[in-house]
Amino acid sequence: MWAATSTFDVDGLYLGVRSTMSAVDEVLRAALAAHLVTDVEAPPNYSVQLGEQSTSGAATGFHFLYRSSASVVRTRDPRRVVRGLVTHLSSHRIDPGPGLLRVHGVTLVAGGTAVLAPAILRQWPELIERRLNGQGLRFADTPYALIDPTRAEVVVPEPGLEVDWSALDRLDALTGVPARPDPPVEPGRYPLVGWAFWVGSEVTGRLSRAQAVMHALQLTIGAIDDDGGRDDVQRALDGLASVVREIEPAAIAWNDPTELVQPLVALAAGASGRSA
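Cut-off values and rules
Residues numbered from 1 in each chain as written. Predicted model: local features only at pLDDT ≥ 70, side-chain atom pairs only at ≥ 80, totals over all residues. Heavy atoms only, no water. Helix = DSSP H or I, 4+ residues; strand = E, 2+ residues; numbered from the N terminus. Buried < 20%, exposed > 50% of the residue type's maximum accessible area, 1.4 Å probe, protein only. Contact = heavy atoms within 4.5 Å. Areas by Shrake-Rupley, 256 points an atom, 1.4 Å probe, with all protein chains shown as cover. Arc of directions from axis to C-beta. 1 Å grid on protein atoms, 1.4 Å probe; cavity = no way out; pocket = protein on both sides within 12 Å on 5 of 7 lines; lining within 4 Å. Points joined across faces, edges and corners; volume = space filled by probe spheres on them. Nonpolar A, V, L, I, M, F, W, Y, C, P; charged D, E, K, R; others polar. Polar contact = N/O pair within 3.5 Å; in protein donor to acceptor, adjacent residues only side chain to side chain. Phe/Tyr/Trp six-rings, centres within 6.5 Å; stacked < 30°, edge-to-face > 60°. Pairing = 2+ DSSP bridges. Axes fitted to C-alpha atoms, helices over the stretch in contact; angles between N-to-C directions. pLDDT = per-residue confidence, 0-100.

Draft legend 1. Geometry of the overall build of the chain. Helix and strand counts for the chain stand at seven helices and 15 strands. Within the chain, buried positions represent 48% of all 276 residues. Within the chain, residue pairs in contact and separated by at least 24 positions form 69% of the contacts whose partners lie at least 6 positions apart. For the chain, the exposed area adds up to about 13300 Å²; of that, 49% sits on carbon and sulfur atoms.

In structure tokens form, the structure reads like this:
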């Protein structure tokens, strides 16, 4: 199934990217030539799978980006897959930026604002992404949420790698038919207006600010670990408390993943209305 694998250097970390087509691998090598390593064969950390042309020739299947074995991008636009790959590769840089918090979760952008949702949403893109898109919410193709606590904003970062974007022009020809445009969420800062937490199968509705801060702390990467000290935890607590004061926290639960759509849409719409 996998035709080729290439290795890329991200701040001294060698990451392998495999592809289902040799031609896709050639595109990646051209786009990321500044980071290409030719004398090391890293194990595949990422996989790019482009959908094949249908028997009728009318449409392509979905294209996927996998991080390890987990699907992190699912789209009919091959450019979005490659842009998602660049974003994920960039995430391996050590410093996300001064004062920013990395949080396990999915960023959903609606217009110019954002809500955070449980990271488990990434497991069901085929069930919920199109439904959310139809309600005006789009997934940011980032491995975690990046929060600026001083401004209560979610940061969708610019790619942190040197990329020749013109190499992506060759992607459309590889599937045999034009891609369906499905551009990624643009890099930028989005005011955070709501945060949905999964806190138990029976808990739904509004959370107190104190509850939200404690749940958010548990999701903050690096705030609580063997190397972190009290100062790290306190800084994270102070930052999260500042964020939660400005947003609407809520608890959500579900039996079927599609049940997540309406609560997230309502959270984004209601919180945006209150912040207007």
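Draft legend 2. Molecular detail of helix H5 (residues 209–219). Taken as a whole, H5 has its buried residues at Ala-212, Val-213, Ala-216 and Leu-217. Considered in projection along H5, the buried side chains sweep an arc of 135° and stay on one side of the axis. Facing away from the buried side of H5, by more than 90 degrees, are the exposed residues Ala-210 and Gln-218.

Draft legend 3. Representation of the environment of Asp-232 within the structure. Relative to the elements of secondary structure, Asp-232 occurs in helix H6 (residues 230–244). Overall, Asp-232 belongs to the partly exposed group, its relative accessible area being 31%. For the pair Asp-232 and Gly-222, spaced ten residues apart in sequence, the C-alpha separation works out to 8.4 Å.

Draft legend 4. Broad picture of empty space enclosed by the protein. Enumeration over the complete set of coordinates arrives at one cavity of 30 Å³ or more. Within this model, the largest cavity holds a volume of roughly 110 Å³. Surrounding the largest cavity, 14 residues form its lining, Val-72, Val-73, Pro-125, Glu-129 and Phe-139 being those nearest its centre. Looking at the lining of the largest cavity, the elements that each hand over two or more residues are strand E6 (70–75) and helix H3 (125–134). Looking at which element gives the most residues to the lining of the largest cavity, the answer is E6, with four residues. Residues belonging to the lining of the largest cavity are distributed by class as follows: seven nonpolar, two polar and five charged.

Draft legend 5. Focus on the side chain of Ser-90. Turning to its location among the elements, Ser-90 is positioned in helix H2 (residues 78–90). Polar contacts involving the side chain of Ser-90 include one to the main-chain amide nitrogen of Gly-160, which spans 2.9 Å. Those residues in contact with Ser-90 that lie beyond four places of it in its chain are Pro-159, Gly-160 and Leu-161.

Draft legend 6. Here's a closer look at the packing of aromatic side chains. Scanning the model with the defined rule gives four aromatic pairs in all. Arranged with centres 6.0 Å apart and planes meeting at 80°, the rings of Trp-124 and Trp-254 form a pair that is edge-to-face. One end of the pair, Trp-124, is in the loop between strand E9 (113–117) and H3; the other, Trp-254, is in the loop between strand E15 (248–251) and helix H7 (261–275), and 130 residues separate them in sequence. Judged on exposure class, the residue Trp-124 and its partner Trp-254 are both buried.

Draft legend 7. Representation of the sheet that holds strand E1 (residues 4–10) in the model. Spatially, six strands are ordered E3-E1-E2-E4-E5-E6 in an open sheet, and the strand pairing comes out mixed. Two strands bound the open sheet, and with one partner strand each, they are strand E3 (36–37) and E6. With four bridges joining them, strand E4 (residues 44–49) and strand E5 (residues 63–67) adopt antiparallel strand pairing. Across the sheet, Gln-49 pairs through a bridge with Phe-64, a residue of E5. Those strands touched by helix H1 (residues 22–31) are E1, strand E2 (13–19), E3 and E4, and its axis lies near 15° from that of E1. Set on the sheet, H2 makes contact with E1, E2, E4, E5 and E6; between it and E5 the angle comes to about 15°.

Draft legend 8. Spotlight on the confidence of the model for the chain. In the predicted model, the chain carries a mean pLDDT of 87, and the fraction of residues at 70 or more is 87%. Taken element by element, the predicted model of the chain shows its lowest mean pLDDT in strand E14 (residues 205–206) (72) and its highest in E3 (98). Low pLDDT (under 50) marks residues 224–228, which in the prediction has two contacts with non-local residues, meaning those over four places away or in another chain.

Draft legend 9. How the structure looks around the pairing of E9. Burial analysis of E9 places five of its five residues in the buried class, the great majority of the element. Covered by surrounding structure in E9 are Thr-113, Val-115 and Ala-117 together with Ala-114 and Leu-116, the residues of both alternating faces. Judged from the five bridges that link them, strand E8 (residues 106–110) and E9 form a sheet pairing that is antiparallel. Bridging across to E9, Ala-110 finds its partner in Thr-113. Here E8 hands over to E9 after two residues, with Gly-111 in that stretch at a positive phi of 65°. Both E9 and strand E13 (residues 188–197) contribute to a ladder of three bridges, which runs parallel.

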